[in-house]
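An overview of the molecular structure
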Amino acid sequence: MEVAKTHLDNNNIAEFYNETLLGLNKYVNEKLQIQTAKMTKESISESLSNKGVEDRTTQSFIQVLEKCEMAIYAPLSPQNNLEIYEQSIDVIEEIEKTI
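Here is a short report on the structure shown in this document. Note that the structure is predicted; figures quoted are calculated from it, not measured. (Residues numbered from 1 in each chain as written. Predicted model: local features only at pLDDT ≥ 70, side-chain atom pairs only at ≥ 80, totals over all residues. Heavy atoms only, no water.)

1. Description of the pattern of salt bridges
Just so we agree on the cut-off: The salt bridge definition used is simple: a Lys or Arg side-chain nitrogen within 4 Å of an Asp or Glu carboxyl oxygen. Working definition: helices are DSSP H or I runs of at least four residues, strands are E runs of at least two. Numbering for both runs from the N terminus. Buried, partly exposed and exposed residues are distinguished by accessible area as a fraction of the type maximum, computed with a 1.4 Å probe on protein chains only: under 20%, between the cut-offs, and over 50%, respectively.
Taken as a whole and assessed by the stated rule, the structure comprises five salt bridges. A salt bridge links Lys5 to Asp9; the shortest N-O distance between them is 2.7 Å. In this pair, Lys5 and Asp9 both sit in helix H1 (residues 2-9), four residues apart, roughly one turn of the helix. Since its relative accessible area comes to 26%, Lys5 is described here as partly exposed. When the shortest N-O distance is used, the salt bridge between Glu69 and Lys41 registers 2.8 Å. Taken together, the residues span a long stretch of sequence, with Glu69 in helix H4 (residues 55-73) and Lys41 in helix H3 (residues 41-50) at a distance of 28 residues.

Rendered as structure tokens:
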């Protein structure tokens, strides 16, 4: 997530979202040991739930993923980039408290 923050600080918004999405996917891939080919929002949600992560936290994680995807693939909608970065960090911290 440090690389994402650097892109954000340098106002390189496209790379910020790419790196945030990559970082979140790597995090769940390593933490939940989901094979990349089988990693979907549903498999992430199910794995987080099975690990005892609260539904609210799981939903927040999926929302951040979706916001990043929207910014990458449909960049017409304005988003608060710093808020998305902070949500990413917050949701990872919440997951870490449980797992």
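There is more to say after this.
2. Concerning helix H2 (residues 13-32)
Selection rule: Expected helix span is taken as 1.5 Å per residue step, with the number of steps being one fewer than the number of residues. Our arc is simply the arc of the directions from the helix axis toward the C-beta atoms. Contact definition: two residues touch when any of their heavy atoms are within 4.5 Å.
The terminal C-alpha atoms of H2, which comprises 20 residues, lie 28 Å apart, in line with the 28 Å expected from a rise of 1.5 Å per residue. Along H2, the residues classified as buried are Phe16, Tyr17, Thr20, Leu21, Gly23, Leu24, Tyr27, Val28 and Leu32. Down the axis of H2, the smallest arc covering the buried residues is 160°, so these residues share one side. Turned more than 90 degrees away from the buried face of H2 sit Ala14 and Glu30, all of them exposed. Among the structural elements, H1, H3, H4 and helix H5 (81-98) are those in contact with the buried residues of H2. One or two positions beyond H2, positive phi appears at Gln33, with a value near 55°.

3. Side note on the packing of aromatic side chains
Stated precisely, the cut-off is as follows: Two aromatic rings from Phe, Tyr or Trp, using only the six-membered ring of Trp, form a pair when their centres are within 6.5 Å; if the ring planes differ by under 30 degrees the pair is stacked, by over 60 it is edge-to-face, and anything between is tilted. Lysine and arginine charges are scored as sitting over a ring when NZ or CZ, respectively, is within 6 Å of the ring centre and within 35 degrees of the ring normal.
For the structure on display, the rule yields one aromatic pair. Ring centres of Phe16 and Tyr17 lie 4.8 Å apart, and the angle between their planes is 65°; this geometry places the pair in the edge-to-face category. Across this residue pair, the class does not change: Phe16 and Tyr17 are buried. Just above the ring of Tyr85 sits the side chain of Lys5; from NZ or CZ to the centre is 5.7 Å.

4. Considering unusual backbone geometry
Here the phi dihedral of Asn11 falls at roughly 60°; this positive angle occurs in a residue that is not glycine. Here Asn11 is to be found in the loop between H1 and H2. A positive phi angle is found at Gln33, which is not glycine, with a value near 55°. Note that Gln33 resides in the loop between H2 and H3.

5. Some thoughts on the environment of Lys31
Structurally, the position occupied by Lys31 is in helix H2. A residue is classified by how much of its surface remains accessible, and Lys31, at 28% relative accessible area, is partly exposed. Residues Lys31 and Leu48, spaced 17 residues apart in sequence, show a C-alpha to C-alpha distance of 9.6 Å.

6. Quick look at the side chain of Thr20
Test applied: As used in this structure description, the phrase polar contact means that two N or O atoms lie within 3.5 Å; if the pair is within protein, one of them must be able to donate a hydrogen and the other to accept it, and residues adjacent in sequence are counted only when both atoms belong to side chains.
Topologically, Thr20 is positioned in helix H2. Looking at Thr20, the relative accessible area reads 0%, which means it is buried. In terms of polar contacts, Thr20 uses its side chain to reach the backbone carbonyl oxygen of Phe16, at 2.8 Å. Look past the residues within four positions of Thr20 in its chain and what remains in contact with it is Met1, Ala4, Cys68 and Ser88.

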